[in-house]
Amino acid sequence: MQLVFIGIQGSGKWTQARILAEKYGFKIFETGGVLRKLAKQDSDLGKLIKNTIEAGKQVTPEIIEMILDDFISNADSENIIFDGLVRNMWNKETADKKLDSNYKVVYFDLPEQEAMKRLLGRMYNPKTGETFPAGTEVDPKTGDKLIRRSDDEENAIKQRIKEFYEKTLPVVELYEKEGRLIKINANQPIQEVTKEIIAKLWLG
């Protein structure tokens, strides 16, 4: 099973990806994290990514395709969650080209006002890059003290939300027309979101 997670920032995609990974053995492809990890490797692909990032250039569709091929071929599970992979139309074209023909899209539906509220309060572990809900002060796994993300500032958040509605939501609507979309109500407690995902994916 290959799943693409899409949702406005703050909708809890990463939290639910971690839960499914722990409960059902899904592997997680988180685009930014995979890029940072590969950039540290002394491989041809790692050097290409590092040089691209250091030059301040945008990662091209060709590079994304290469890292997808690398991740999928090395994953020790056929169950993969792709988080942050599809944000615009060219990302969708890459997913259509590289993922299984029957991949599904899980859309975390959250009102804009709730997303803003969550983002203004969320916390971040600078060592692991993981984010946590508002009110969390310590990483429950590592014990590390959490901080606010430097880019979780109101104007920056508003810009990211604007980009979601302009670039990502049209992709969501296209996925719905194609019959790939599984809509999840993200405006409920974490445990309830998990239950809805499990039920709609027939994982239980």
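To start, this report covers the structure provided alongside it.

The rules behind these values
- Counting restarts for each chain: residues are numbered from 1 in the order of the written sequence.
- Residues qualify for local features only when their pLDDT is at least 70, as the model is predicted, and side-chain atom pairs are given and counted only at 80 or more; totals for whole chains, interfaces and linings, by contrast, use all residues.
- Side-chain measures here rest on the full set of heavy atoms in the structure, leaving out hydrogens and waters.
- Two strands form a pair only when DSSP identifies at least two bridges running between them.
- Segments assigned H or I by DSSP are reported as helices when at least four residues long, segments assigned E as strands when at least two residues long, and all are numbered from the N terminus.
- Convention adopted: a line fitted to C-alpha atoms gives each axis, helices being fitted over their contacting stretch, and angles between N-to-C directions are expressed from 0 to 180 degrees.
- Whether two residues are in contact is decided by their heavy atoms, any of which lying within 4.5 Å being enough.
- The rule is short: rings of Phe, Tyr and Trp, with Trp giving its six-membered ring, pair when the centres are within 6.5 Å, and they are stacked under 30 degrees, edge-to-face over 60, tilted in between.
- Think of it in three bands: residues with accessible area under 20% of the maximum for their type are buried, residues over 50% are exposed, and the middle band is partly exposed, with areas taken using a 1.4 Å probe on protein chains only.
- In a helix, the anticipated span is given by 1.5 Å times the number of residues less one.
- Geometric relationships in this document are graded by angle, where less than 35 degrees denotes roughly parallel, more than 145 denotes roughly antiparallel, 65 to 115 denotes roughly perpendicular, and other angles denote oblique.
- By the convention adopted, Pro, Cys, Tyr, Trp, Phe, Met, Ile, Leu, Val and Ala count as nonpolar, Lys, Arg, Asp and Glu as charged, and the other residues, Gly among them, as polar.

It is worth spelling out the sheet that holds strand β1 (residues 2-7) at this point. Ordered by their spatial adjacency, five strands build an open sheet running β2-β3-β1-β4-β7, and the pairing between neighbours is parallel. Every interior strand has two partners, whereas the edge strands, β2 (27-30) and β7 (181-185), have only one. Strand-to-strand twist across the sheet, computed as the mean angle between neighbouring axes with direction ignored, equals 25 degrees. The sheet contact formed by β1 and strand β3 (residues 80-83) spans four bridges and is parallel. Within the sheet, the bridge partner assigned to Val-4 lies in β3 and is Phe-82. Helix α1 (residues 13-24) contacts β1, β2, β3 and β4 (104-109) of the sheet and is inclined by roughly 155 degrees relative to β1.

Time to look at the packing of aromatic side chains. Within the structure shown, the criterion is met by five aromatic pairs. Centre to centre, the rings of Phe-29 and Phe-71 are 5.1 Å apart; their planes meet at 85 degrees, and the pair counts as edge-to-face. Of this pair, Phe-29 sits in strand β2 while Phe-71 is found in helix α4 (residues 61-74), placing the two residues 42 residues apart along the sequence. Residue class for Phe-29 comes out buried when judged on its relative accessible area of 0%. Here Phe-71 falls in the buried class, since its relative accessible area comes to 18%. Between Phe-164 and Tyr-165, the ring centres sit 5.4 Å apart and the planes meet at 85 degrees, which makes this aromatic pair edge-to-face. For Phe-164, a relative accessible area of 7% puts it in the buried group. Taken together, Phe-29, Phe-71 and Phe-82 form an aromatic cluster joined through their ring pairs.

Generally, phi is negative for residues other than glycine and the peptide bonds are trans, each holding for most cases. Phi is positive for Trp-202, which is not a glycine, with a value near 60 degrees. Note that Trp-202 resides in the segment after α8 (190-200).

Right, let's talk about α1 for a bit. For α1, built from 12 residues, the straight-helix expectation of 16 Å at 1.5 Å per residue is met to within 8% by its first-to-last C-alpha distance of 16 Å. Within α1, burial applies to Lys-13, Thr-15, Gln-16, Ala-17, Arg-18, Ile-19 and Leu-20. In this fold, the buried residues of α1 make contact with β1, β2, β3, β4, β6 (131-132) and α8. A positive backbone phi angle near 80 degrees is found at Gly-25, which sits one or two residues after α1.

Time to look at the packing of helix α2 (residues 31-39) against α4. Remark: α2 packs on α4, axes separated minimally by 11 Å, with the N-to-C direction vectors making an angle of 85 degrees. Accordingly, the angle class assigned to the pair α2 and α4 is roughly perpendicular. Packed against α2, whose contacting residues are Thr-31, Val-34, Leu-35 and Leu-38, the element α4 presents Ile-64, Ile-67, Asp-70 and Phe-71 at the interface. Each residue belonging to the contact of α2 with α4 can be placed in one class, and the counts come to six nonpolar, one polar and one charged.

What follows is about the packing of α2 against helix α3 (residues 44-54). Remark: α2 packs on α3, axes separated minimally by 7 Å, with the N-to-C direction vectors making an angle of 110 degrees. For the element pair α2 / α3, the angle class is roughly perpendicular. For the pair formed by α2 and α3, the contact residues are Leu-35, Leu-38 and Ala-39 on the first element and Leu-45, Gly-46, Ile-49, Lys-50 and Ile-53 on the second. When its residues are assigned to classes, the contact of α2 with α3 shows six nonpolar, one polar and one charged.

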